[in-house]
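A closer look at the structure
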Amino acid sequence: MAQRLPPLLALRAFEAAGRLLSFTLAADELHLTQGAISRQVRQLEEFLRQKLFIRLTRRIELTDAGRDYLESVQLALGVVENATRRCLRDKHRILTIDVLPTLASYWLMPRLARFTKMHSDIEVRLVSSIEPANLQNKEIDIAIRVGRLPGKRYNPSCPRIDLVMTDHWRGLDAWPLFDDTLVPVMSRHLATQMSPIVEPLDLLRFRLINNATRKNAWHDWFAFHGVGPLPSLNMVDYGHFFMALQAAREGEGVALVPSIIYESLDDREHLCSPIQTRVPSAGEYYLLMRETSQHDPAVVAMRDWLLEEAHPRPGETLVEPVPVMLCPEAGRMEQVV
């Protein structure tokens, strides 16, 4: 029996516009004009005899029929995309992960050989960046970022995280990896040069090594311990945590780093954490992936492996993605509670 299907170009235009809620952004993604996107969407609406969008002055919204149709179209296009990849590849699938630089160096890369041994047909490529992850262009399969989950309430006394995980939450799953807890780290040799370090206030005797991406970390860390307001601090800035750690190794001062990074170091015998309290930040580490990637075996395999590495407790049930939903009025994501 002949099947009556809508034009593929119209489906692609509708999927991009529905996912981004913008004809302009859809046009940029598909390298078309805004007028072409509008015409293709209108062609699809005429084919379906249904309005898919409510066109307002400065924005568009999906109708109820449009939301239902978008979900089905995304699933269908995902199936076609994965089948196409299987046909095009020779013997392996290339999987791209966008991860924070220091976490990639100290936590992820030392573990990747285990994944490759289990999945020899999957070639893993790493991209390091601190910029908001962009999974909309489909060049990235998985991103690992740290920051605030939109809509989630955080304790205002916890250290702030200035990084933004992504600018486009629509159509993404967020899987929790680690809490972000900050610990002071310094060389053992430097720690013995002065009187014993007993309380947070004692760290003010040393130069404080700051990470440029966490410009408020030291002030917030001291405030969490009830120390402050502080005068101008003896502080030096570095661009990444691995630079701050190297400066701490060389005795330049005390760095403030996430515990997941400190605990992943091979040379901890040369370093120490003089204050044992663990200060939780106002944010966490998350694995981000497209909802439609649940049909991609390679992405699912990497996701499950990363979650097992992050939560290595025998017999523990696999963690679930943090549920988020779109708040249309504000154009942002809210956590479902």
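Before reading on, note that the structure itself is shown above.
Structure report, in brief.

Thresholds applied
- Residues numbered from 1 in each chain as written.
- Predicted model: local features only at pLDDT ≥ 70, side-chain atom pairs only at ≥ 80, totals over all residues.
- Heavy atoms only, no water.
- 1 Å grid on protein atoms, 1.4 Å probe; cavity = no way out; pocket = protein on both sides within 12 Å on 5 of 7 lines; lining within 4 Å.
- Points joined across faces, edges and corners; volume = space filled by probe spheres on them.
- Helix = DSSP H or I, 4+ residues; strand = E, 2+ residues; numbered from the N terminus.
- Nonpolar A, V, L, I, M, F, W, Y, C, P; charged D, E, K, R; others polar.
- Core = buried A, V, L, I, M, F, W, Y, C linked by side-chain atoms within 4.5 Å.
- Buried < 20%, exposed > 50% of the residue type's maximum accessible area, 1.4 Å probe, protein only.
- Contact = heavy atoms within 4.5 Å.
- Axes fitted to C-alpha atoms, helices over the stretch in contact; angles between N-to-C directions.
- Parallel < 35°, antiparallel > 145°, perpendicular 65-115°, else oblique.

With the rule as written, the count across this model stands at 4 cavities of 30 Å³ or more. Each pocket or cavity is described by its volume, and for the largest cavity that value is around 140 Å³. Elements that contribute at least two residues to the lining of the largest cavity include exactly α1 (8-20) and α4 (64-88). A class-by-class count of the residues in the lining of the largest cavity yields 3 nonpolar, 5 polar and 7 charged. Per-element tally for the lining of the second largest cavity: the top contributor is helix α5 (residues 101-108), with 3 residues.

Judged by nonpolar contacts, the single largest core of 45 residues is most densely connected at Leu103, Tyr285, Met302 and Leu306. Looking at which element gives the most residues to this core, the answer is helix α11 (residues 297-310), with 8 residues.

Here Ser273 lies in the loop between β10 (271-272) and β11 (279-290). Those residues in contact with Ser273 that sit more than four places away from it in its chain are Val183, Pro184, Tyr262 and Arg278.

Our focus in this paragraph is the packing of α5 against helix α9 (residues 241-249). Interaxial distance between α5 and α9 falls to 7 Å at its minimum, and their mutual angle equals 65 degrees. With respect to α9, the axis of α5 lies roughly perpendicular. Two secondary-structure elements touch here, α5 through Pro101, Thr102 and Tyr106 and α9 through Phe241, Phe242, Leu245 and Arg249. Residue composition of the contact of α5 with α9, by class: 5 nonpolar, 1 polar and 1 charged.

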